[in-house]
Amino acid sequence: MPRSKPYGRGRLGVAALAAVVVALAGCGIQIPADPDGTLDSVENGTLRVGVAAEPGLAEYHDGEAAGTLVDVAHRFAQELNADIEWSSHSEERLVAMLEGDDLDLALGGFTDSSPWSDRVGMTRPVTGIPGTDDPIVMLVPMGENAFLDALERHLDAETTS
Amino acid sequence: MNLAGYCQGTHEHLPEEQRKAQRSAIRLQIVTVVYTVVTIVLVVLVMGSSQAMKTAWIEDMLSLLPQLAFFIALFFIRKPSSVRHPYGQHRAMGIGHLVAGVALLTVGASLVVQSSISLITAEHPTIGTVTLFGEAVWLGWLMIAVMAVTAVGPPILGRMKAKVAAKLHNKVLFADADMMKADWHTNIATILGVFGVGIGLWWLDATAAIVISVGIIADGLRNTKSALADLMDRRARTYDGEEPHPVTRSVLRVARDATWAQEAGVRVRDQGQVLHIELFVVPALNHVELEWFGPLIDAVRDIDWKIHDVVIVPTDPLPPYADTDKQVSRGRP
């Protein structure tokens, strides 16, 4: 069987990797990034939020959203200088909309044991949302990691202050 | 006067050098197991939904199999031969080897399928942040850190194991060492995959996972092939399978030096860590005396510690499948 020379090729690999990292850092690429540019379109634009009704946390009546999670979304949108476009659907419909890039964020009584975890991205569970004792997660499109990053940092700031 | 036409060593009679090698092999295996378990725990802590991380994690767990096979086999190969097991139980090493190889093959194949499905269905891996000392950190950085740190050990351990494997003529250990020496490929692939996700190239993750899975399949093939060859009683080869074992030639030389021997042929099979030898001798005269056997048996046994079992068969003619020097020197069969 052919003899490999692990150290020689290893150094080369590491060097190549380091070069790529330095080059990308030089170009000012953001890490993590969104493959589909969700954060870009939300910032100074529109945040499309879907609500799965959960009393106290997220409700939707006559075009008006209310609840503690809705308040969180309002402050997040404010931070990104975004307008919110609200809608209300069943959980399943919200998940399908996230998959189809028709929605940026879904709110409701979701927890980290949600069965949708292989179809959508989830924030870390946050505790301390008024109106519930459960650790709550929000749903985002899969793999939009810059957007998720921004949202999780906002949630951290909300729950620690 | 020794009149026996056979002899069989006990396995505890390793020379000092091999005894030392065996001890350091056991030590190395224990260190490897501990290192691997720590790696497995670290990786699962930061795994997230990266396909490459998941694949690397499964590979880490699979890499425990050869170790496990080694320890189980060690228990069996020490048992002396009996009527029930007339060849001893050295084959345990080969069986463990085969099981490990087949496991690598099947799991590797299933991982290729999973990773390909991820790639084809364009599943974008979601990697969020974690809180570390009150600060939100992108989990991908932790994955890369874990992969970079855990890449260091296996090549070093692999090198040490390869040396010991050569001394012990142990193929399980050798295949294991070979795998460990190449283990950093997995880490580099995973780092590239996760980094790809970081810069928005979601497909790099699944691609890295496929590369890792193909590596697992290659490991499986190599192990299975080598284990099968021994279990099928292929002519004995060196521990790395590169060439016919030189012991064959030495045995023939010793046999031909016996004054009563006109021609000699040999059949050597590899029992895992030791060799079993059937020596066919064509006597110069038409009769043999039992007294001639003892000195020849002793001379053959003294050639190498690996020679564990010797049987002398006086015969004329030699069996056509017996190794004679001529065939050996004609090169690879």
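The rules behind each value
Residues numbered from 1 in each chain as written. Chains lettered and ligands numbered in written order. Predicted model: local features only at pLDDT ≥ 70, side-chain atom pairs only at ≥ 80, totals over all residues. Contact = placed C-beta atoms within 7 Å. Helix = DSSP H or I, 4+ residues; strand = E, 2+ residues; numbered from the N terminus. Expected span 1.5 Å × (residues − 1). pLDDT = per-residue confidence, 0-100. Pairing = 2+ DSSP bridges. Axes fitted to C-alpha atoms, helices over the stretch in contact; angles between N-to-C directions. Buried ≥ 20, exposed ≤ 12 C-beta atoms within 10 Å, placed from the backbone. Domains from an automatic or database assignment. Nonpolar A, V, L, I, M, F, W, Y, C, P; charged D, E, K, R; others polar.

1. Brief notes about the interface of chain B and chain A
Taken residue by residue, the interface counts 24 residues in chain B and 24 residues in chain A. Breaking the side of chain B that touches chain A down by element, the ones donating at least two residues are strand E2 (129-132), strand E3 (135-138) and helix H8 (184-198) of chain B. Sorting elements by how many residues they give to the side of chain B that touches chain A places H8(B) first, with six residues.

2. Some points on helix H4 (residues 91-120) of chain B
In a regular helix each residue adds 1.5 Å, so 30 residues correspond to 44 Å; H4(B) covers 44 Å between its end C-alpha atoms and thus fits that length. Ala122(B) sits one or two positions beyond H4(B) and adopts a positive phi of about 50 degrees.

3. Observations concerning the confidence of the model for chain A
Note: predicted coordinates in regions of low pLDDT should not be interpreted at a detailed level. All names here are of chain A. Confidence in the prediction of chain A, expressed as mean pLDDT, is 81, and 81% of residues score 70 or more. Put simply, helix H1 (residues 6-27) is where chain A has its lowest mean pLDDT, 60, and strand E7 (residues 139-140) is where it has its highest, 92. Confidence drops under pLDDT 50 across residues 1-7; counting only partners more than four residues distant or on other chains, this segment forms seven contacts.

4. So, the sheet that holds strand E1 (residues 6-8) of chain B
Backbone hydrogen bonds hold the strands of a sheet together, and the pairing may be parallel or antiparallel. Residues and elements named next belong to chain B. Spatially, four strands are ordered E1-E6-E5-E4 in an open sheet, and the strand pairing comes out mixed. Lying at the two open borders of the sheet, with one neighbouring strand each, are E1 and strand E4 (261-270). The average undirected angle you get between the axes of adjacent strands in this sheet is 15 degrees. Two elements, E1 and strand E6 (residues 307-314), share three bridges in a ladder whose sense is antiparallel. Of the residues in E6, the one forming a bridge with Gln 8 is Asp 309. Most of the contacts of helix H11 (residues 293-301) go to E6, to which it runs at about 145 degrees, and overall it touches E1, strand E5 (275-283) and E6.

5. Some remarks on the environment of Pro319(B)
Residues and elements named next belong to chain B. Note that Pro 319 resides in the loop between E6 and helix H12 (325-329). Residue class for Pro 319 comes out exposed when judged on the 11 C-beta atoms lying within 10 Å of it. When the C-alpha positions of Pro 319 and Arg 234 are compared, they lie 16 Å apart, and in sequence the two are 85 residues distant. Once residues within four sequence positions are removed from consideration, Pro 319 is found in contact with Gly 265 and Phe 280.

6. A few points about helix H2 (residues 51-62) of chain B
Residue and element names in this part refer to chain B. Spanning twelve residues, H2 covers 16 Å between terminal C-alpha atoms, matching the ideal 16 Å at 1.5 Å per step. With ten of twelve residues buried, H2 is to be regarded as a mostly interior element. All of the buried residues in H2 are Gln 51, Ala 52, Met 53, Lys 54, Thr 55, Ala 56, Ile 58, Glu 59, Asp 60 and Leu 62.

7. Some remarks on the domain arrangement of chain B
Accessible area lost upon the coming together of the parts is a frequently used measure of interface size. Residue and element names in this part refer to chain B. In terms of domains, chain B is made up of domain 1 (9-231) and domain 2 (247-329). Measuring from the centre of the C-alpha atoms in domain 1 to the corresponding centre in domain 2 gives 40 Å. Contact with domain 1, which involves 15 residues of that partner, is made by nine residues of domain 2. When the residues that make up the side of domain 1 that touches domain 2 are grouped by side-chain class, the tally is six nonpolar, seven polar and two charged.

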